[in-house]
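# An overview of the molecular structure
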Amino acid sequence: SAVISQKPSRDICQRGTSLTIQCQVDSQVTMMFWYRQQPGQSLTLIATANQGSEATYESGFVIDKFPISRPNLTFSTLTVSNMSPEDSSIYLCSVTARTSGSTYFGPGTRLTVT
Amino acid sequence: GQQLNQSPQSMFIQEGEDVSMNCTSSSIFNTWLWYKQDPGEGPVLLIALYKAGELTSNGRLTAQFGITRKDSFLNISASIPSDVGIYFCAGHGAGGTSYGKLTFGQGTILTVHP
């Protein structure tokens, strides 16, 4: 399994500002993803973080709102832009092992927008 | 899009009892995964299933990948207080572009009374 860390673990932000979340994996992985978990809800896939190219977004998520970078095989960032209270959620980074298909999650970043 | 129906939504049991929860899908999945999420944490992978009909155990946990590839169940035997948490099923579908992109069930909240 992969060890995944995220920074920050939590933050409280003002409406209209942006927050960048970092995800670091302890080994090189091909597939990295970002998920959102709204309060009391299940997880929803935001996008696939592609190394060296633009992320692939799921329906309902756009690059202007959730820009993603992935400069190498162990690191990715997700920015939540122009935040509103509706963006208050846990944001989770995940990696999938190509050989096994198992997916592992980071500890999450708990974001509160006031 | 793909949907997963997970049941039950919540369970209240006595310590020592067995627990069963299941997920059904409107479409075929290639991989079924079961996770447990504790408050303030990311989901932790419990069991991964890769083949239709596969039955896999992890300690007191047993999960099966349904023959139709549209369902899976998770059993927990002899429950203990630390089993408390939210259990999620997840899967990713057929096709190369779906690899690693998980669809999640709604979750089952498990409460164990000592």
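Structural notes, computed from the coordinates. (Residues numbered from 1 in each chain as written. Chains lettered and ligands numbered in written order. Predicted model: local features only at pLDDT ≥ 70, side-chain atom pairs only at ≥ 80, totals over all residues. Heavy atoms only, no water.)

Counting across every chain of the model gives two disulfides over all chains. Here A:Cys23 engages in a disulfide with A:Cys93; their sulfurs sit 1.9 Å apart. For the disulfide bridge between A:Cys23 and A:Cys93, the dihedral angle about the S-S bond is near -60 degrees, and by the sign convention the bridge is left-handed. Separated by 70 residues along the polypeptide, A:Cys23 in strand E3 (residues 19-25) and A:Cys93 in strand E9 (residues 89-96) bring together distant segments of the chain. Across a sulfur-sulfur distance of 1.7 Å, B:Cys23 and B:Cys89 are joined as a disulfide pair. On the sign convention where negative is left-handed, the bridge of B:Cys23 and B:Cys89, at about -80 degrees about the S-S bond, is left-handed. Here B:Cys23 is found in strand E3 (residues 19-25), whereas its partner B:Cys89 is found in strand E9 (residues 85-93), with 66 residues between them in sequence. Counting only cysteine sulfurs, A:Cys23 is the nearest neighbor of A:Cys13, a cysteine outside any disulfide, at a range of 18 Å. (Disulfide = S-S within 2.5 Å. Helix = DSSP H or I, 4+ residues; strand = E, 2+ residues; numbered from the N terminus.)

Bringing the pairing of E3(B) into the picture now. All names here are of chain B. A one-sided burial pattern is seen for E3, the buried positions being Val-19, Met-21, Cys-23 and Ser-25 and the unburied ones Ser-20, Asn-22 and Thr-24. For E3 and strand E8 (residues 71-76), the ladder comprises six bridges, and the chain directions are antiparallel. Its bridge partner lying in E8, Ser-20 is registered against Asn-75. (Buried < 20%, exposed > 50% of the residue type's maximum accessible area, 1.4 Å probe, protein only. Pairing = 2+ DSSP bridges.)

All names here are of chain B. Pairing in this open sheet of five strands is antiparallel, and the strands run E1-E3-E8-E7-E6 from one edge to the other. Since the sheet does not close on itself, it has two edges, and those belong to strand E1 (4-7) and strand E6 (55-58), each with one partner. Taken over all neighbouring pairs, the strand axes of this sheet differ in orientation by 15 degrees on average, direction set aside. Inspection of the sheet shows E6 paired to strand E7 (residues 61-65) by four bridges, in the antiparallel sense. The residue of E7 that forms the bridge with Ser-57 is Thr-62. (Axes fitted to C-alpha atoms, helices over the stretch in contact; angles between N-to-C directions.)

Let us look at unusual backbone geometry. Omega for the bond connecting A:Lys7 with A:Pro8 falls within 30 degrees of zero, at -10 degrees, which places this linkage in the cis form. Mapped onto the fold, A:Pro8 is located in the loop between strand E1 (4-7) and strand E2 (10-13). With an omega dihedral of -5 degrees, the bond running from B:Ser7 to B:Pro8 counts as a cis peptide bond. As for its position among the elements, B:Pro8 is in the loop between E1 and strand E2 (10-14). Here A:Asn82, not a glycine, exhibits a phi torsion of approximately 45 degrees, which is positive. Locating A:Asn82 in the fold gives a position in the loop between strand E8 (75-80) and E9. Its identity as a non-glycine residue notwithstanding, B:Arg69 has a phi of 65 degrees, on the positive side. Within the secondary structure, B:Arg69 is located in the loop between E7 and E8.

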